[in-house]
Amino acid sequence: MKAYGHAFRVPFRRAISGFAGLARHHNLLKKEWNVPMMRKIGVLTSGGDAPGMNAAVMSIARSAAAYGMPLIGIKHGYNGLLRKSTSIKDDLQELYLDTVLDIADQPGTYLRTARCEEFKDPKWREIAVQTLKAMEIDGLVVIGGDGSFQGAMRLCELGIPCIGIPGTIDNDLAYTEMTLGYETAVQVCTEAIRAIRATSRSHDRPHVVECMGRHCGDIALKAACATGSEIVVVPEVPWSVEEVASRLNKQIAKGNYRSTIVLAEGCWESMAPFDMYGFLTSHGKQCFEGEPMSAMRFASIMKRMCGMVEARSTVVGYTQRGALPVAKDSAFAFEAGNLAVRLLRDGISNQVIGVRQGKVFNMPIVDALKVEKHFRRDLYDLVNNL
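Everything quoted here is computed from the prediction, not taken from an experiment.

Rules used throughout
Residues numbered from 1 in each chain as written. Predicted model: local features only at pLDDT ≥ 70, side-chain atom pairs only at ≥ 80, totals over all residues. Heavy atoms only, no water. Helix = DSSP H or I, 4+ residues; strand = E, 2+ residues; numbered from the N terminus. Buried < 20%, exposed > 50% of the residue type's maximum accessible area, 1.4 Å probe, protein only. Contact = heavy atoms within 4.5 Å. Lys, Arg positive; Asp, Glu negative; His and termini not counted. Charge placed at Lys NZ, Arg CZ, Asp CG, Glu CD. Axes fitted to C-alpha atoms, helices over the stretch in contact; angles between N-to-C directions. Parallel < 35°, antiparallel > 145°, perpendicular 65-115°, else oblique. Left-handed = near helix turned anticlockwise from the far one by under 90°. Nonpolar A, V, L, I, M, F, W, Y, C, P; charged D, E, K, R; others polar. Pairing = 2+ DSSP bridges. pLDDT = per-residue confidence, 0-100. Expected span 1.5 Å × (residues − 1). Arc of directions from axis to C-beta. Polar contact = N/O pair within 3.5 Å; in protein donor to acceptor, adjacent residues only side chain to side chain. Salt bridge = Lys/Arg side-chain N within 4 Å of Asp/Glu carboxyl O.

1. Side note on the overall build of the protein
Then step 1. Scanning the protein for helices and strands turns up 14 helices and eleven strands.
Then step 2. C-alpha atoms of the protein, sized along the principal axes, occupy 75 × 45 × 35 Å.
Then step 3. Buried residues in the protein amount to 55% of all 386 residues.
Then step 4. In the protein, of all internal contacts separated by at least 6 residues, the share reaching a separation of at least 24 is 75%.
Then step 5. Within the protein, one finds 46 positive and 41 negative side-chain charges whose respective centroids are separated by 4 Å.

2. Topic: the packing of helix 3 (residues 53-66) against helix 12 (residues 327-345)
Then step 1. For the pair helix 3 and helix 12, the least separation of the axes is 7 Å and the interaxial angle reads 40°. Compared by their axis directions, helix 3 and helix 12 come out oblique. Crossing geometry of helix 3 relative to helix 12 is assigned as right-handed. Counted together, A55, A56, S59, I60, R62, S63 and A64 of helix 3 and S330, A333, F334, G337, N338 and V341 of helix 12 form the full contact between these two elements.
Then step 2. Across the contact of helix 3 with helix 12, the residue classes tally to seven nonpolar, five polar and one charged.

3. A look at the pairing of strand 11 (residues 359-364)
Then step 1. By the bridge criterion, six bridges tie strand 10 (residues 351-356) to strand 11 in an arrangement that is antiparallel. Bridge assignment links G354 to a residue of strand 11, and that residue is F361.
Then step 2. Between the antiparallel neighbours strand 10 and strand 11 lie two residues, among them Q357 with a positive phi of about 50°.

4. Observations concerning the sheet that holds strand 7 (residues 231-233)
Then step 1. Read from one edge to the other, the open sheet built from four strands follows the order 7-8-6-9, with strand pairing classed as parallel. Edge positions in the open sheet fall to strand 7 and strand 9 (312-315), since each of these has one partner strand only. Strand after strand, the sheet turns through a mean of 20° between neighbouring axes, direction not considered.
Then step 2. The sheet contact formed by strand 6 (residues 207-211) and strand 8 (residues 260-264) spans five bridges and is parallel.

5. A few points about the confidence of the model for the protein
Then step 1. Overall, the predicted model of the protein reaches an average pLDDT of 90, with 90% of residues at or above 70.
Then step 2. Contacts of residues 1-36 to residues separated by more than four positions or lying in other chains number 47 contacts, the stretch itself having pLDDT below 50.

6. Observations regarding the side chain of S330
Then step 1. Note that S330 resides in helix 12.
Then step 2. What makes S330 buried here is its relative accessible area of 18%.
Then step 3. Those residues in contact with S330 that lie beyond four places of it in its chain are A55 and P325.

7. Describing helix 9 (residues 241-253)
Then step 1. Helix length check: helix 9, at 13 residues, gives a terminal C-alpha distance of 18 Å against a target of 18 Å (1.5 Å per residue), a fit within 8%.
Then step 2. Listed as buried for helix 9 are V241, V244, A245, R247, L248, Q251 and I252. Looking straight down helix 9, one finds that the buried residues subtend no more than 160° of arc, so they occupy a single side. Set apart from the buried face of helix 9 by more than 90 degrees, the exposed residues are K250 and A253.
Then step 3. Immediately beyond the C-terminal end of helix 9, within one or two residues, lies G255, with a positive phi of roughly 95°.

8. Quick look at the side chain of N256
Then step 1. Secondary-structure assignment places N256 in the loop between helix 9 and strand 8.
Then step 2. The exposure class assigned to N256 is buried, which follows from its relative accessible area of 14%.
Then step 3. Side chain to side chain, N256 and E230 meet in a polar contact 3.0 Å long.
Then step 4. Of the polar contacts made by the side chain of N256, one reaches the side chain of S259; its length is 3.2 Å.
Then step 5. If we ignore the near neighbours within four places in the chain, the residues touching N256 are E230 and Q251.

9. Structural notes on the environment of F288
Then step 1. Its place among the elements puts F288 in the loop between helix 10 (276-282) and helix 11 (295-305).
Then step 2. With a relative accessible area of 49%, F288 lands in the partly exposed category.
Then step 3. As for F288 and M276, which are separated by twelve residues in sequence, their C-alpha atoms are 9.5 Å apart.

10. Remarks on the pattern of salt bridges
Then step 1. For the coordinates displayed, the defined rule picks out 21 salt bridges.
Then step 2. Where D49 meets R321, a salt bridge forms, and the shortest distance between an N and an O atom there is 3.6 Å. A residue pair is termed long-range when its members are at least 10 positions apart, and D49 in the loop between strand 1 (41-45) and helix 3 and R321 in the loop between strand 9 and helix 12 qualify at 272 residues.
Then step 3. For R321, a relative accessible area of 18% corresponds to the buried category.
Then step 4. In this structure, R214 engages D172 in a salt bridge whose closest nitrogen and oxygen atoms are separated by 2.9 Å. On the criterion of sequence distance, the pair formed by R214 in the loop between strand 6 and helix 8 (218-227) and D172 in the loop between strand 5 (162-166) and helix 7 (182-203) is long-range, its members being 42 residues apart.
Then step 5. Each member of the salt-bridge network shares a partner with another, and the members are D146, D170, D172 and R214.

11. Quick notes on helix 14 (residues 377-385)
Think of an α-helix as 3.6 residues a turn; residues three or four steps apart then line up on the same face.
Then step 1. Within the span of helix 14, buried status applies to Y380, V383 and N384. Seen along its axis, helix 14 keeps its buried residues to an arc of 90°; they face one direction.
Then step 2. In this structure, the buried residues of helix 14 make contact with helix 8, strand 7 and helix 9.

Right under this line is the structure:
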C-alpha cells in the first residue's frame, strides 16, 4: 500500500493545484452565503446503470454550485477511487455546470459505472480514503443499489461522510417505494409487451416475455398488470413448469390462444425441479444436457405441454437500462440530488434518500438496509387468477 500511495500522491498534488482557482471561488461564495459548507464534494454512479442517474448528477452539480461547493465526478464507480487508470483524468473529473446541464435527459451514466470487487477488501477502502483526502473531497454522494450502499457505509466508518441515492432498475431496496430507473424499466417493458401482444393476437399464439430485475419481481409484476398479461412468474413465489402450463391451458380452454407469460429474470431460482433435457428431447426438440432454463426453452416447453402450433419468446434485456428516463424518475432524481447536497452541507451523513408516500425523505443507511422487502402477493394472485 505504501508503494501504491507514493505512486499517486505526486499526480494528485498537481491535480489539486489545478483546482486552486475553483477553491478561491468557493471561499467567496461561502462568505456570501454565510453558512457552514464543505470545501468540496464528490459523486459516483456504481453497480448497474439506471435511467435517471444522469439527472441526479445534474441536480447534484446545480445544487453544489448554488451552495458554493466544487464537485468532482468519480468515474467507473468505486474503481475511480482506487486509481486504477494510468491517468488521473480517467478516474476523476471536475464537473462544471456547462458540462452536465445537458446530460439530465441522456440515458446511461455520464460518469460510467462498474462493479468493484476489490472494494470489499479493507486495504483497498483505505486507498479510496487516501484518494478522497488527497483530492480534498469532504463528502461523497453514491448513486447505486444495495452493494453501492454497503460501500458507502464502509466509507462512513472510515470518516468519509456519504449520502446514498437509490439508483437501480430492480426496485429491490425495501426502504423506498421506488428507485431511480424502476419506473422507466417498467415503461420499457410495458411498451414491449403491448407490441408483442398485438402480434400474438394476429397469429393466435402465446408469448413468453422475460423482464430484468435480478432477484426482485417488481418490474415483471407491474408490467404484467399494466398490459393485462394473463400469467406472471417471479422469484418471490415458488412455482412449477406444470403449474404455468395448467394456467395456460385454462386460457386456451376459454378461447384465449395468445396469452402472455411475463417472467422475471430471477424466477428460475424459485422454480421446482424440472427435467428440461428429458422433456424436450422426448418431444423431438434438440437440447443439450446441463443447459440452463431460459425464456426460449420455456416457450418451447409450453408449446409442447399445451399442444400449441407455436409459442415464441422475447427477452426485453438492456433496453430497460438504456432508455430515456420517464418523468417520474427524472423528478425523483432532481429532488434527491438536491437533498443529498443539502445533507452534506449541513454536516449530516451516513444517510440514504428514498420515497415514502410520494415524498422524498432520508434515513440512516444501516437502518435502510435492514428493511425487509414486501412483495405484492395480492397483485400476483390477481394477474394469475383472473
